[in-house]
Amino acid sequence: MEINQTKIDDVPIVSVSGRIDGTTSKDLETILNELINQDMSKIVLDLEGVVYISSVGLRVLLSALKKVRPNKGDVKLVSLQPFVREVFEITGFTKLFTIYPSQGEALGCFKV
Amino acid sequence: MGSVKPLTDMEYAECFNAFKSVSSEWMAIEEWLAKDFVPSIGGRKSAKVLSIGSGTGDFDLILMRMLLDEIPDLSYTALDPNESHNEIFLDRYKNSGLQLASFRIIAKPFCEDSFEGGFDLIHLTHCLYYIPDRKMAIKRAYDLLNPGGILLIFHQTPLGINEIQRAYLKRAKGHEKELFSSYDIIQILKELKLKFNFDILISDVDVTDCINENDIGKKILNFFMESNLEGLDGALRDEIICALKDVSRNEGGRYFLFHPSGIFWIKKDGSMQV
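Rules and cut-offs
Residues numbered from 1 in each chain as written. Chains lettered and ligands numbered in written order. Predicted model: local features only at pLDDT ≥ 70, side-chain atom pairs only at ≥ 80, totals over all residues. Heavy atoms only, no water. Helix = DSSP H or I, 4+ residues; strand = E, 2+ residues; numbered from the N terminus. Buried < 20%, exposed > 50% of the residue type's maximum accessible area, 1.4 Å probe, protein only. Phe/Tyr/Trp six-rings, centres within 6.5 Å; stacked < 30°, edge-to-face > 60°. Lys NZ or Arg CZ within 6 Å of the ring centre and 35° of its normal. Contact = heavy atoms within 4.5 Å. Buried area = accessible area lost by both parts, 1.4 Å probe. Salt bridge = Lys/Arg side-chain N within 4 Å of Asp/Glu carboxyl O. Polar contact = N/O pair within 3.5 Å; in protein donor to acceptor, adjacent residues only side chain to side chain. Pairing = 2+ DSSP bridges. Right-handed = clockwise from strand over helix to strand, strands pointing away. pLDDT = per-residue confidence, 0-100. Axes fitted to C-alpha atoms, helices over the stretch in contact; angles between N-to-C directions. Parallel < 35°, antiparallel > 145°, perpendicular 65-115°, else oblique. Nonpolar A, V, L, I, M, F, W, Y, C, P; charged D, E, K, R; others polar.

With that out of the way, let us pick up unusual backbone geometry. Residues and elements named next belong to chain A. The backbone phi angle of S79 is positive, close to 55°, even though this residue is not glycine. Along the chain, S79 turns up in the loop between β4 (74-78) and α3 (82-91). On the basis of relative accessible area, S79 is assigned to the buried category, the value being 16%.

Written out as structure tokens, the structure is:
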């Protein structure tokens, strides 16, 4: 798994590629927790390059969402591959997360 | 496949207690009730509650206590076909010190002709696995609500125990009747055109004992597979334990299975439109 971070208009964009599983999800969790601990409650998570996500990975995403929501924050997801989208749909995660086709659209919704 | 037997009532109770001791689910539900749910329904003087599949009352005793803090005149009806569970629940209620306006336990399964409605809150907590016609049960529960009443459903998501069940329940016990997740509930609610709120609570099960194959672990695994696995083929048992290890995360040498709880919250508003 590879993780890249950028920031646009003070909104962190975390781009992930590869597999988010029991071995790799700890790295993603650490990065998301660092952002949240820096009072970044609006986060864009680009999953375009993610080919697989396990239940352990889903837990990391849900945990981040639950931490930012009380501060009126959100974790907006971008570009889910079909397999990952299917996992989100079956597990009901699509009812909790908003998914956007591009980083620009996700960022745009934070500005509204 | 080996010889796998159904759990007796006593075995089920032991296995459930073993599961409860290593699961954070009840704590997560209790926290959600206290922070999000109960405050939102406060302000009324009286309420009628129906618990479907109340079991030994683990969940209901928590809910009763919380509701009584907000609603002084509380009438509570519990419904469960298992009479030995009902006796335990009744004893626990009597010893709880809780003072409800009325409390009754009905030893019947939940079906269409069960009884009159007029409830302000109905909950189905981890019981839809055991009801053959789940769509009817949800529709019937909704119909039994007063206008403005709330139907609460706590149920497992397709993650955690359900992942293991999907892979092994049929192979281990020959059928998978109990296999039913929040995904299926969403489909039913859409078919019934009922508006609903949905959330997922984070909770984990410490499955280290299952992986170590000690006595507590065997009970927990029995609970996961809804059967007494004593006679299960050794190779299949190894496969299940290996899969359990694969889907769990390792923290400080212990294995935690992400087993979140799905919550549906359906308010009866007089309409049936999405």
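With that out of the way, let us pick up the packing of aromatic side chains. Using the criterion set out here, one finds 22 aromatic pairs over all chains in the structure. Taking 6.1 Å as the distance between ring centres and 85° as the angle between the ring planes, the aromatic pair formed by B:F16 and B:W26 counts as edge-to-face. With B:F16 in helix α1 (residues 9-22) and B:W26 in helix α2 (residues 25-41), this pair connects stretches of sequence that are 10 residues apart. One exposure class covers both B:F16 and B:W26, and it is buried. With centroids separated by 5.9 Å and ring planes inclined at 85°, the aromatic side chains of B:W32 and B:F154 adopt a geometry described as edge-to-face. Taken together, the positions of B:W32 in helix α2 and B:F154 in strand β6 (residues 145-156) put the pair 122 residues apart, joining distant regions of the chain. One cation-aromatic arrangement involves A:R19 over A:Y52; the distance from NZ or CZ to the ring centre is 4.2 Å. Between B:R134 and the ring centre of B:F180, over which it is positioned, the NZ or CZ distance is 4.3 Å.

Contact with chain B, which involves 17 residues of that partner, is made by 14 residues of chain A. A buried area of about 1,400 Å², summed over both sides, lies between chain B and chain A, and 70% of it is on carbon and sulfur atoms. If you sort the residues of chain B by the area they bury against chain A, B:I200, B:I202 and B:F258 come out on top, with a joint share of 36%. Taken together, the links from chain B to chain A amount to 2 salt bridges. Between B:D204 and A:R59 there is a salt bridge, with its nearest N and O atoms 2.6 Å apart. Summed over the shared surface of chain B and chain A, the result is 4 residue pairs in polar contact (both at pLDDT 80 or more).

The next subject is the pattern of salt bridges. The tally for this structure, following the rule as stated, stands at 20 salt bridges over all chains. Residue A:K26 pairs with A:E29 through a salt bridge whose shortest N-O separation is 3.3 Å. One end of the pair, A:K26, and the other, A:E29, are both in helix α1 (residues 25-37), 3 residues apart, so they sit about a helical turn from each other. Accessibility expressed as a relative area gives 47% for A:K26, which makes it partly exposed. Note that B:K195 and B:D269 form a salt bridge whose closest N and O atoms lie 3.6 Å from each other. Taken as a pair, B:K195 in the loop between α7 (182-191) and β7 (197-201) and B:D269 in the segment after β12 (261-267) lie far apart in primary sequence, 74 residues in all. Given a relative accessible area of 44%, B:D269 falls into the partly exposed group. Each member of the salt-bridge network shares a partner with another, and the members are A:R59, B:D204, B:R249 and B:E251.

This brings us to the pairing of strand β11 (residues 254-258) of chain B. Residue and element names in this part refer to chain B. Along β11, 4 of the 5 residues are buried, which leaves the element largely enclosed by surrounding structure. With 3 bridges connecting them, strand β8 (residues 204-206) and β11 associate as antiparallel partners. When the bridges of β11 are listed, D204 appears paired with F258. Inspection of the sheet shows strand β10 (residues 249-251) paired to β11 by 3 bridges, in the antiparallel sense. What sits directly across from N250, in β11, is Y255. The turn linking β10 back onto β11 is made up of 2 residues, and G252 within it adopts a positive phi angle of 60°.

Residue and element names in this part refer to chain B. Bridge count for strand β3 (residues 73-79) against strand β4 (residues 102-106) is 5 bridges, and the pairing is parallel. Bridge pairing in β4 places L79 opposite I106. Running through helix α4 (residues 83-96), the crossover from β3 to the neighbouring parallel element β4 is right-handed.

Relative to the helices and strands, A:I3 is located in strand β1 (residues 2-8). Note: C-alpha distance between A:I3 and A:S17 (14 residues apart in sequence) is 6.6 Å.

What follows concerns the confidence of the model for chain B. All names here are of chain B. Looking at chain B as a whole, its pLDDT mean stands at 92, while 96% of the residues score no less than 70. Within chain B, the lowest mean pLDDT, 76, falls on strand β1 (residues 2-5), and the highest, 98, falls on β8. Interface confidence in the predicted complex, given as ipTM, is 0.93; pTM for the same model is 0.92.

On to the packing of helix α6 (residues 161-173) of chain B against helix α10 (residues 234-247) of chain B. Residues and elements named next belong to chain B. Two elements in contact, α6 and α10, have axes separated by 10 Å at closest approach and are oriented at 175°. With respect to α10, the axis of α6 lies roughly antiparallel. Contacts between α6 and α10 involve E163, I164, Y168, R171 and A172 on the former and, on the latter, L236, E239, I240, A243, L244 and V247. A per-class count over the contact of α6 with α10 returns 8 nonpolar, no polar and 3 charged.

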